[in-house]
Amino acid sequence: MYSKAIRSSKGDKFFMFLIYLFIAIALLLVIYPLIYVISASISSPTSVNSGEMWLLPKKITWDGYKTIFTYKSIWQGYRNTIYYTLLGTFINLLCTLPCAYALGRAEFYGKNLFMKFLMVPMFISGGLVPTYLLIKNLGMNDSIWALVIPGAVSVYNIAITRTFFQSTIPREMEEAALIDGCSDFQIFMKIVLPLSMPIIAVMGLFCGVAHWNSYFSALIYLTNKSMYSLQLILREILVNQDLTKGTTEMTAAVAEVAYSKQQLAQVIKYGVMIVSTLPIIMIYPFLQKYFVKGVMVGSLKG
């Protein structure tokens, strides 16, 4: 059956032009800082400080990265951040998934009341001072638990995960498992979790990025510099320009380059930005298919 293609009116074409123009501008606003940081991290300090380098690298040099890789505190911060991120994400999933599954069960009496009770902290917070006093009284200052326990549960994540369970996991499958003699725990472990990889990937990515980028909790609760996260060390470099603190470990690296410490520090700042964000950028493509599906199902249904 032959049908003519619907022709767009001039108004539609103008509207689509505005949409593409807006997308192009937004894309430039996002991509330009990223390209600039990458180019600045491998350009000579003179080109960066003088403004000669504004997009593509000028007089490429790897001295900044060489200095970064000889700075022991950065590697120590990397190790700490990876440890905090893995443990914190595991605790987040351990608390979020069972709670969301229980609140999504039809036979759970009072689930709506529990959900309303959990939503109260989303709008009313105790504040920084009471939270700090609580962490101090619990003896968690200067420990990893001060970074991963206070944010172990997110009501927002529970709500999204509960919606996913309710809209995606067939109730008939759970009933068939009950008839076969499975307990609620076996249903959750052997049926629900294997079918919930999209939302697990989404929650893991949300929590992992939050832990990786977090620095405020470490700034408040940690005083031992050996426990500093990468973001806290990055903050010191960017805010205090304290890269040359501890001359015993930096003298050899600085002596190898011909630039002054101040010029080199400017380039090292950009290099540290790349080093600190690279792991998240590398992980995202592997989780993208789960991420899109999980977010769409968890946000549009329910």
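Quick look at the structure, then. Here the structure is a predicted model, which means the values were calculated and not measured. (Residues numbered from 1 in each chain as written. Predicted model: local features only at pLDDT ≥ 70, side-chain atom pairs only at ≥ 80, totals over all residues. Heavy atoms only, no water.)

1. Concerning the layout of surface pockets
And step 1. Quantified by volume, the largest pocket comes out at close to 800 Å³.
And step 2. If you trace the largest pocket, you find 32 residues lining it, with Leu147, Pro150, Gly151, Val153 and Ser217 closest to the centre.
And step 3. For the lining of the largest pocket, the element with the highest residue contribution is helix H12 (residues 216–221), accounting for 5 residues.
And step 4. Along the lines of polarity and charge, the residues of the lining of the largest pocket split into 19 nonpolar, 13 polar and no charged.
And step 5. Considering only enclosed or pocket space, the second largest pocket measures out at about 620 Å³ in volume.
And step 6. Along the walls of the second largest pocket sit 27 residues, with Leu86, Thr89, Phe90, Leu93 and Gly204 positioned nearest its centre.
And step 7. For the lining of the second largest pocket, the secondary structure elements donating two or more residues are helix H4 (72–104), helix H10 (184–192), helix H11 (197–213) and helix H15 (261–300).
And step 8. No other element matches the 11 residues that H4 contributes to the lining of the second largest pocket. (1 Å grid on protein atoms, 1.4 Å probe; cavity = no way out; pocket = protein on both sides within 12 Å on 5 of 7 lines; lining within 4 Å. Points joined across faces, edges and corners; volume = space filled by probe spheres on them. Helix = DSSP H or I, 4+ residues; strand = E, 2+ residues; numbered from the N terminus. Nonpolar A, V, L, I, M, F, W, Y, C, P; charged D, E, K, R; others polar.)

2. What to know about helix H8 (residues 155–168)
And step 1. Spanning 14 residues, H8 covers 20 Å between terminal C-alpha atoms, matching the ideal 20 Å at 1.5 Å per step.
And step 2. Those residues of H8 not exposed but buried are Val155, Asn157, Ile158, Ile160, Thr161, Arg162, Thr163, Phe164 and Phe165. (Expected span 1.5 Å × (residues − 1). Buried < 20%, exposed > 50% of the residue type's maximum accessible area, 1.4 Å probe, protein only.)

3. Section: the side chain of Arg105
And step 1. With respect to the helices and strands, the residue Arg105 is situated in the loop between H4 and helix H5 (111–123).
And step 2. With relative accessibility at 7%, the residue Arg105 sits in the buried group.
And step 3. A polar atom in the side chain of Arg105 sits 2.4 Å from the side chain of Tyr101.
And step 4. If we skip the residues at most four places from it in the chain, Arg105 touches Lys111, Arg171, Glu174 and Asp184. (Polar contact = N/O pair within 3.5 Å; in protein donor to acceptor, adjacent residues only side chain to side chain. Contact = heavy atoms within 4.5 Å.)

4. Regarding the pattern of salt bridges
And step 1. If you walk through the whole model with that rule in mind, you get 4 salt bridges.
And step 2. For Glu174, the salt bridge is made with Arg105, and the minimal N-O distance between the two is 3.6 Å. One end of the pair, Glu174, is in helix H9 (residues 171–179); the other, Arg105, is in the loop between H4 and H5, and 69 residues separate them in sequence. The pair formed by Glu174 and Arg105 is uniform in burial state, with each residue classed as buried.
And step 3. With its nearest N and O atoms 3.9 Å apart, the salt bridge here joins Arg105 to Asp184. Highlighted residues: Arg105 in the loop between H4 and H5 and Asp184 in helix H10, separated in sequence by 79 residues. (Salt bridge = Lys/Arg side-chain N within 4 Å of Asp/Glu carboxyl O.)

5. Examining a nonpolar patch on the surface
And step 1. Taken together, Met119, Val120, Met122, Phe123, Ile124, Tyr156 and Phe206 make up a surface patch of nonpolar side chains, about 720 Å² in accessible area.
And step 2. The dominant element in the nonpolar patch, judged by the number of residues it contributes, is H5, at 4 residues.
And step 3. Mapped onto the secondary structure, Met119 falls in helix H5. (Patch = residues over 30% accessible without salt bridge, like charges linked within 9 Å, V, L, I, M, F, W, Y side chains within 5 Å. Areas by Shrake-Rupley, 256 points an atom, 1.4 Å probe, with all protein chains shown as cover.)

6. A closer look at unusual backbone geometry
And step 1. Unlike most non-glycine residues, Lys59 shows phi in positive territory, near 50 degrees.
And step 2. Here Lys59 shows up in the loop between helix H2 (45–50) and helix H3 (63–69).
And step 3. Residue class for Lys59 comes out exposed when judged on its relative accessible area of 59%.
And step 4. For Asp142, which is not glycine, the phi dihedral falls at a positive 60 degrees.
And step 5. Counting through the fold element by element, Asp142 comes out in the loop between helix H6 (128–137) and helix H7 (145–148).
And step 6. A relative accessible area of 30% places Asp142 in the partly exposed class.

7. Let's talk about the state of the cysteines
Each disulfide is one covalent bond, formed between the sulfur atoms of two cysteines.
And step 1. In the structure shown here, the tally under the stated rule is 0 disulfides.
And step 2. Here Cys95 is not disulfide-linked; the sulfur of Cys99 is the nearest cysteine sulfur, at 8.6 Å.
And step 3. Judged by its relative accessible area of 25%, Cys99 is partly exposed. (Disulfide = S-S within 2.5 Å.)

8. Structural notes on the packing of aromatic side chains
And step 1. Under the counting rule described, the total for this entry stands at 11 aromatic pairs.
And step 2. Measuring from ring centre to ring centre gives 5.2 Å for Tyr101 and Phe188, while their planes differ by 40 degrees; the resulting arrangement is tilted. With Tyr101 in helix H4 and Phe188 in helix H10, the pair connects residues that are 87 residues apart, well separated along the chain. Of the two residues examined, Tyr101 and Phe188, each falls in the buried class.
And step 3. On the numbers, 6.0 Å between centres and 5 degrees between planes, the contact of Tyr132 with Tyr221 is stacked. Taken together, the positions of Tyr132 in helix H6 and Tyr221 in helix H12 put the pair 89 residues apart, joining distant regions of the chain.
And step 4. Here the aromatic residues Tyr101, Phe164, Phe165 and Phe188 are joined through ring pairs into a cluster of three or more. (Phe/Tyr/Trp six-rings, centres within 6.5 Å; stacked < 30°, edge-to-face > 60°.)

Read these as spatial facts, not as claims about activity.
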